Amino acid sequence: PKMIYLKDYQVPDYLIDETHLTFELFEDHTLVHAQLVMRRNPDAGAGLPALVLDGQQLELLELKLDDRVLGAADYQLTDSHLTLQPTQEQFVIDSSVRIHPESNTALEGLYKSSGMFCTQCEAEGFRKITYYLDRPDVMSTFTTTLSAEQHRYPVLLSNGNPIASGSEEGGRHWATWEDPFKKPAYLFALVAGDLWCVEDRFTTMSAREVTLRIYVEPENIDKVQHAMDSLKKSMKWDEEVYGREYDLDIFMIVAVNDFNMGAMENKGLNIFNSSCVLAKAETATDAAHQRVEAVVAHEYFHNWSGNRVTCRDWFQLSLKEGFTVFRDAEFSADMNSRTVKRIEDVAYLRTHQFAEDAGPMAHPVRPDSFMEISNFYTLTVYEKGSEVLRMIHTLLGPQLFRKGSDLYFARHDGQAVTCDDFIKAMEDASGVDLTQFKRWYSQAGTPRLEVSESYDAAANTYRLQLRQSCPATPGQAEKLPFVIPLELALLDAQGRELPLQLVGEDKPVGTSRVLQVTQAEQAFTFVNIAEQPLPSLLRGFSAPVKLSFPYSRDQLMFLMQHDSDGFNRWEAGQQLAVQVLQELIGQHQRGELLVLDPRLVAALRSVLENDSLDQAMVAEMLSLPGEGYLTEISDVADVDAIHAAREFARAQLAEALFEPLWARYQANREVSRNTPYVAESAHFARRSLQNIALSYLMLTGKPQVLAAALEQYEACDNMTERLTALAVLVNSPFEAEKAEALKAFAEHFKDNALVMDQWFSVQAACTLPGGLARVQALMQHPAFTMKNPNKVRALIGAFAGQNLVNFHAADGSGYRFLADQVISLNATNPQIASRQLGPLTRWRKYDASRQALMRAELERILASGELSSDVFEVVSKSLA
Ligand code: B3K
Ligand code: ZN
């Protein structure tokens, strides 16, 4: 595979104004006829160059240019392109091809899932359907006719509005759909299957009536209401917050079981992984309910940020993804608890995106090269991209940001544009110069921000000294300073915020403000500061950086109690826990007795005993930093010491805080027992505290806790309580109860694939010894299959990504296992194979012996035969 560079971008030689598609779907093949109404691109220069169409795995049956049938001498065919010579500026191409969705295991292009036909075209899947200019800057209207056997496929869907349908002889029927909005081919979709739907309506801000439909397999029709409610909330929110109105007469979502990622924003016909649509109390956890709400919103929001205004080329992917993640995060914050949402997102970013930024696949938010674009649907493009948008929002403020987004949508509606066009709209609307800020798009790596202080009691001044730097990343040795919005406050000894007046200002500007750090070294001096203050820095995580400030543990405890910024109260607790855990890790490494700093116990006790705190906040503050995060912040991660230290701390906290944990658990379980399940934030909060309390309590091994776990397991009415009860049993030493619960669960839910995924995950993540053997045994379970991406993620992904102590077994057995799975997946589903490689790419984090074992497995994959471009790119860059 060859490297593709952003700097080589050229406008297309030809454009496609109209695309007319016909699909004849059969059991052993599908015929696709495409009529493309084309013309020379006026922006591409003079003359009539050869027309090069993309096409892969297509059997060409017939090709016509302006109604003239072309012979083999009139065109050139390779395994990726069809080249022919136009003779006029405007012309029509007709092609007929045969394809095989029934044997498509890569789940890209047209394929079958649980007996239905569906598509996934982003990024470059449309070329597996027909010959086309498969690039996002070629935008066309589409008309699509599908025909299939009526009995097996009563529902026939495509983008846009339905305009005609009818029956054919032989038990077949057909339907025609028309999408009047120009779109790139990656937004094309079709579905044919035996589906039921829930229908609803939405009246838009200009009083247009829109039909909403969610299609699922008949047995899932009882699990759709939550997604429908989420869709209506999203439509309303996008009108209110961004002024964006839906544009077609119908909006459809279809749930499919075999899907490489979460969902896809095809115009008017979103296709979803069933895990991101189906949710009801008995089968989906609170986290799953929130994920459904967020993904439904995300895909809906793409209708503007992605579809109406799309990307010029795939290097601009964050233009739509970073923006849309920012939009869905704000939506979720508005629907639920803003602080809790921020905590979850930051914890995720710091564990996973920071690791990506520090590894061999590190790339800027706007990459400048790739081999396989599927490998760039990354945490950096999505989550860091969203942080970049959040910083723009912080720097401009909500009004100017909205003015900027209005201008962006108005200026570029119907166009395929770049991240620079987005920034330009923000600059033009706000008058703010974002030239230096744009380095966030072009420089990879996580910036460090070191802060130190000095207080001058005689002058009443307080000075913060800042130093920013960014480590080298592949291809980028030196970095220039970023624009870092640093939100901060200064607290007095009572925890009150002091008025903030910088040297040179004639009066204070609020008590919490955003400073702009723009230089490698910079200082800010505050005046009229009558006592030594304690700074609350990077409030709300105002920039995706690694901040360091020499806080003492007592100062962190003070911030945990007094900081008025909820995020920073949590963050102070995390930093305290990190200090304490790192001390324990050191003790473990030196073979010393482990001793837990009692200040962590005291801090968490006061959190637990504080009835006025939001229960979800209490739960977040009780959660110790994960092993993944402790790995990320280590220079060399000692997996065993990290695991031992963290488990020791959890067990000690459970013993020391037994009384308040038990009181909180019982009170909340009592309410849960007497309240029907509601998927709303106060209820999420109660259950999250209840469940984290139970997981601590279980570590004490006390009989009354085991009884409580069993009671919760058996008597609850929802998956949130049931799955936690199952998880604490699985991680406990109570073998008989564990076996019984696992068996009962599997029997009860054996026909529900999504619930079985959770059953696999809970076991895959169990850190007790023998993890690999358990996973290998589970791969033989009748409910497991390597063909379904959700199953691969639930079992193999959870083992390698969450069960660090077992995956990193010193004998290398975990690495060998993962490499075997990657080699097998490479042949069937390259995208999933490549995703599963993630943990092996992080080999530089570990000791020499593990490094050698991990590298050896990467080498073995590289030598294993013909690799997909997906796997080849990740393996070769990891070894470089
Ligand atoms: N745009 C899709 C992702 C497609 C991934 C293709 N490999 C989902 C989303 O971000 O909304
Ligand atoms: Zn997206």
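About the thresholds
- Residues numbered from 1 in each chain as written.
- Chains lettered and ligands numbered in written order.
- Predicted model: local features only at pLDDT ≥ 70, side-chain atom pairs only at ≥ 80, totals over all residues.
- Heavy atoms only, no water.
- Helix = DSSP H or I, 4+ residues; strand = E, 2+ residues; numbered from the N terminus.
- Rg over C-alpha atoms; globule rule 2.2 N^0.38 Å.
- Buried < 20%, exposed > 50% of the residue type's maximum accessible area, 1.4 Å probe, protein only.
- Contact = heavy atoms within 4.5 Å.
- Pairing = 2+ DSSP bridges.
- Near = heavy atom within 4 Å.
- Polar contact = N/O pair within 3.5 Å; in protein donor to acceptor, adjacent residues only side chain to side chain.
- Areas by Shrake-Rupley, 256 points an atom, 1.4 Å probe, with all protein chains shown as cover.
- Donors = N, O, S within 2.8 Å, 3.2 Å for Na, K, Ca; no water.

Draft legend 1. View of the overall build of the protein. A tally of regular secondary structure across the protein gives 27 helices and 31 strands. Computed over the C-alpha atoms, the radius of gyration of the protein is 28 Å, within 12% of the 29 Å expected from 2.2 N^0.38 for a compact globule of 880 residues. Looking at the protein residue by residue over its 880 residues, the buried ones come to 59%. Contacts spanning at least 24 positions in sequence make up 70% of the contacts within the protein whose residues lie at least 6 apart.

Draft legend 2. Fine view of the sheet that holds strand E3 (residues 30-40). One open sheet accounts for eight strands, arranged E6-E5-E9-E3-E2-E12-E15-E14; its pairing is mixed. Either end of the sheet is taken by a strand with one partner, and the two such strands are strand E6 (68-69) and strand E14 (161-167). Sheet topology note: the E14/strand E15 (residues 172-183) ladder contains six bridges and is antiparallel. Across the sheet, residue Asn-161 finds its bridge partner in E15, namely Glu-178.

Draft legend 3. The arrangement of the site of ligand 1 in detail. Around ligand 1 sit 14 residues, and of these Glu-122, Ala-263, Glu-265, Glu-299 and Tyr-382 come closest. Contact distances for ligand 1 include 2.6 Å between a nitrogen atom and a side-chain N or O atom of Glu-122. Protein contacts shield 94% of the accessible area of ligand 1, which totals 340 Å² for the unbound molecule. Of all the secondary structure elements, the ones that give two or more residues to the shell around ligand 1 are strand E20 (263-264), helix H2 (286-301) and helix H3 (317-335).

Draft legend 4. Just the coordination of the zinc ion (ligand 2), in detail. All of the protein donors around the zinc ion (ligand 2) are His-298 (NE2), His-302 (NE2) and Glu-321 (OE); their distances to the metal are 1.9 to 2.1 Å. Here the donor residues of the zinc ion (ligand 2) are spaced in sequence according to H-x3-H-x18-E. Residues His-298 and His-302 agree in their burial class; the two are buried.

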